[in-house]
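Okay, here's what each chain looks like letter by letter:
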Number of protein chains: 2
Amino acid sequence: MQNQFRCSCPCTSALDIVGDKWTLVIIKDMILLNNRTFKDFSESDEAIATNILSSRLKMLLEYEIIRKEKLPDNKQKNIYILTQKGLNLTPVIIDLIIWSDGNLRENHSTLLPTAQLDSVKNDKESFISMLIENYKKRNWKR
Amino acid sequence: MQNQFRCSCPCTSALDIVGDKWTLVIIKDMILLNNRTFKDFSESDEAIATNILSSRLKMLLEYEIIRKEKLPDNKQKNIYILTQKGLNLTPVIIDLIIWSDGNLRENHSTLLPTAQLDSVKNDKESFISMLIENYKKRNWKR
DNA sequence: CCGGATCCGTTTCGATACTG
DNA sequence: CAGTATCGAAACGGATCCGG
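The paragraphs below set out a description of the structure included in this document. (Residues numbered from 1 in each chain as written. Chains lettered and ligands numbered in written order. Predicted model: local features only at pLDDT ≥ 70, side-chain atom pairs only at ≥ 80, totals over all residues. Heavy atoms only, no water.)

What follows is about the protein's contact with DNA strand C. Neighbouring residues of DNA strand C: 18 residues in total, closest Lys39, Ser54 and Tyr80 of chain A together with Trp22 and Asn51 of chain B. Here, DNA strand C places atoms within 4 Å of the protein, and 60% of those atoms are sugar or phosphate. Between DNA strand C and the protein, one listed contact pairs a phosphate oxygen with a side-chain N or O atom of Ser54 of chain A at 2.5 Å. For the surface near DNA strand C, the secondary structure elements donating two or more residues are α3 (38–42), α4 (50–62) and β2 (74–82) of chain A together with α4 (50–62) of chain B. Each residue belonging to the surface near DNA strand C can be placed in one class, and the counts come to five nonpolar, eight polar and five charged. (Near = heavy atom within 4 Å. Polar contact = N/O pair within 3.5 Å; in protein donor to acceptor, adjacent residues only side chain to side chain. Helix = DSSP H or I, 4+ residues; strand = E, 2+ residues; numbered from the N terminus. Nonpolar A, V, L, I, M, F, W, Y, C, P; charged D, E, K, R; others polar.)

So, about the protein's contact with DNA strand D. Around DNA strand D lies a shell of 18 residues, among which Asn51 and Arg56 of chain A together with Thr50, Ser54 and Tyr80 of chain B are the nearest. Near the protein, within 4 Å, the atoms of DNA strand D are sugar or phosphate in 61% of cases. Measuring from a phosphate oxygen of DNA strand D, one finds a backbone N or O atom of Lys39 of chain B at 3.2 Å. Here a phosphate oxygen of DNA strand D sits 2.7 Å away from a polar atom, N or O, in the side chain of Ser54 of chain B. Those elements that place two or more of their residues in the surface near DNA strand D are α4 of chain A together with α3 (38–42), α4 and β2 (74–82) of chain B. Considering only residue class, the surface near DNA strand D consists of five nonpolar, eight polar and five charged.

Our next topic: the pattern of salt bridges. Residue and element names in this part refer to chain A. Following the criterion strictly, the structure yields 14 salt bridges over all chains and no others. Among the ionic pairs, Lys124 bridges to Asp95, the shortest N-O distance being 2.7 Å. Of this pair, Lys124 sits in helix α8 (residues 124–139) while Asp95 sits in helix α6 (residues 90–103), and the two are 29 residues apart along the sequence. When salt bridges that share partners are traced, they join Lys28, Asp29 and Glu46 into one network. (Salt bridge = Lys/Arg side-chain N within 4 Å of Asp/Glu carboxyl O.)

Of note in the backbone geometry, Glu64 of chain A takes a positive phi value of approximately 60 degrees without being a glycine. Here Asn34 of chain B, not a glycine, exhibits a phi torsion of approximately 55 degrees, which is positive. Relative to the assigned elements, Asn34 of chain B resides in the loop between α2 (21–33) and α3.

Another aspect to go through is the nonpolar core. Ile17 of chain A together with Ile17 and Ile65 of chain B are the most contacted members of the largest nonpolar core, which has 84 residues in total. Every residue in contact with Ile17 of chain A, bar those within four places of it in the chain, is listed here: Thr23, Leu24, Ile27, Met59, Leu60, Tyr63, Ile65 and Leu89 of chain A together with Trp99 of chain B. (Core = buried A, V, L, I, M, F, W, Y, C linked by side-chain atoms within 4.5 Å. Buried < 20%, exposed > 50% of the residue type's maximum accessible area, 1.4 Å probe, protein only. Contact = heavy atoms within 4.5 Å.)

Here the focus is the environment of Gly102 of chain B. All names here are of chain B. Residue position: Gly102 is located in helix α6 (residues 90–103). What makes Gly102 partly exposed here is its relative accessible area of 44%. Residues Gly102 and Leu57, spaced 45 residues apart in sequence, show a C-alpha to C-alpha distance of 30 Å.

Time to look at the packing of aromatic side chains. Tallied over the entire structure, the rule returns zero aromatic pairs over all chains. Here Lys21 of chain A stacks its cationic end above the ring of Trp22 of chain A, 4.8 Å away from the centre of that ring. (Phe/Tyr/Trp six-rings, centres within 6.5 Å; stacked < 30°, edge-to-face > 60°. Lys NZ or Arg CZ within 6 Å of the ring centre and 35° of its normal.)

Okay, a negative patch on the surface next. There is a patch of like negative charges on the surface, built from Asp123 and Glu125 of chain A together with Asp123 and Glu125 of chain B. By the secondary structure assignment, Asp123 of chain B is in the loop between α7 (117–122) and α8 (124–139). (Patch = residues over 30% accessible without salt bridge, like charges linked within 9 Å, V, L, I, M, F, W, Y side chains within 5 Å. Areas by Shrake-Rupley, 256 points an atom, 1.4 Å probe, with all protein chains shown as cover. Lys, Arg positive; Asp, Glu negative; His and termini not counted. Charge placed at Lys NZ, Arg CZ, Asp CG, Glu CD.)

Before going further, it helps to spend a moment on the packing of α2 of chain B against α4 of chain B. When two helices pack together, their arrangement is given by the angle between the helix axes and by the axis-to-axis distance. All names here are of chain B. For the pair α2 and α4, the least separation of the axes is 10 Å and the interaxial angle reads 75 degrees. Relative to α4, the element α2 is oriented roughly perpendicular. Judged by residue contacts, Trp22, Thr23, Ile26 and Ile27 of α2 engage Ile52, Leu53, Arg56, Leu57, Met59 and Leu60 from α4. Classifying every residue of the contact of α2 with α4 by side-chain character gives eight nonpolar, one polar and one charged. (Axes fitted to C-alpha atoms, helices over the stretch in contact; angles between N-to-C directions. Parallel < 35°, antiparallel > 145°, perpendicular 65-115°, else oblique.)

Once that is clear, we can look at the side chain of Lys85 of chain B. Positionally, Lys85 of chain B belongs in helix α5 (residues 84–87). No salt bridge is formed by the buried Lys85 of chain B, whose closest oppositely charged neighbour, Glu64 of chain B, lies at an N-O distance of 4.7 Å. Here Tyr63 of chain B takes part through its backbone oxygen, which lies 2.8 Å from a polar atom of the side chain of Lys85 of chain B. The residues touching Lys85 of chain B, leaving out its near neighbours within four places in the chain, are Trp99, Asn103 and Leu104 of chain A together with Tyr63 and Glu64 of chain B.

Bringing the packing of α2 of chain B against α8 of chain B into the picture now. All names here are of chain B. Packing of α2 against α8 brings their axes to within 9 Å, and their N-to-C directions diverge by 80 degrees. Judged by the inter-axis angle, α2 sits roughly perpendicular to α8. Across the interface between the two elements, Met30, Ile31 and Leu32 from α2 touch Leu131, Tyr135 and Arg138 from α8. A class-by-class count of the residues in the contact of α2 with α8 yields five nonpolar, no polar and one charged.

Structure below.
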């Protein structure tokens, strides 16, 4: 299969990644819901098709925003883990959630997993750092 | 023509807008380059096709992220102006630019209009406020 | 069952030509 | 200049298949 994406054109990388509904959903659910397996993602509320999911995971691997590992206790299961580069997208995700909450009052359930919102608005910077540190503690055990 | 977008589903609004390469490009160029006319957008570096541009402007109007006006001194020319809701996306854009600069070193010209980067990294919050205030001063004259 | 890959009809994109 | 129409190409996404 040909690449469906153009890593050969780095100047548009940021928009390939963030300017795409599905990569954004995947990254958001990794950070906020700690999704890790193919199954986790394919069962998410946003109902991504498996072929699309597959193509996006490849793209994110290619960009080194995530990496692929085996579960230490279950060598069968593949898991996808955010790299530092991927975790660095946390501020973008959080700002998007804050915007969504403030400006799309009707319904923002897609972007808001919990009642963490107050905490976010209270001190955004520490909330972001906390998310990143918690993520690393849970998933970066080597 | 049928609507190409589904405003009937507000729960995915944020991703319709930000999870789309072109709406993101349009908003970014409004904030950073003060693009205002159809021509401005269609001549931007990213080379958006006129039909796509047209559909995205309609979508952004529908979401009230921009509004359409006539130039006061030239009743012929349509201009598109960010609303408050649209301007509230500035933090998302800026965070994306910062991420792009820090993590896609190869080439980030698409997202970086000027050498304002140092200023951003120095004090992000005031830079964002400044961008928004400047935008209003230039475009919100009634 | 899980992690995908393949197939295939439908939708959307996007380059260009065209119109008022 | 500000869009709209056209049309082939690409992407989507539901269903299905398949190896482990």
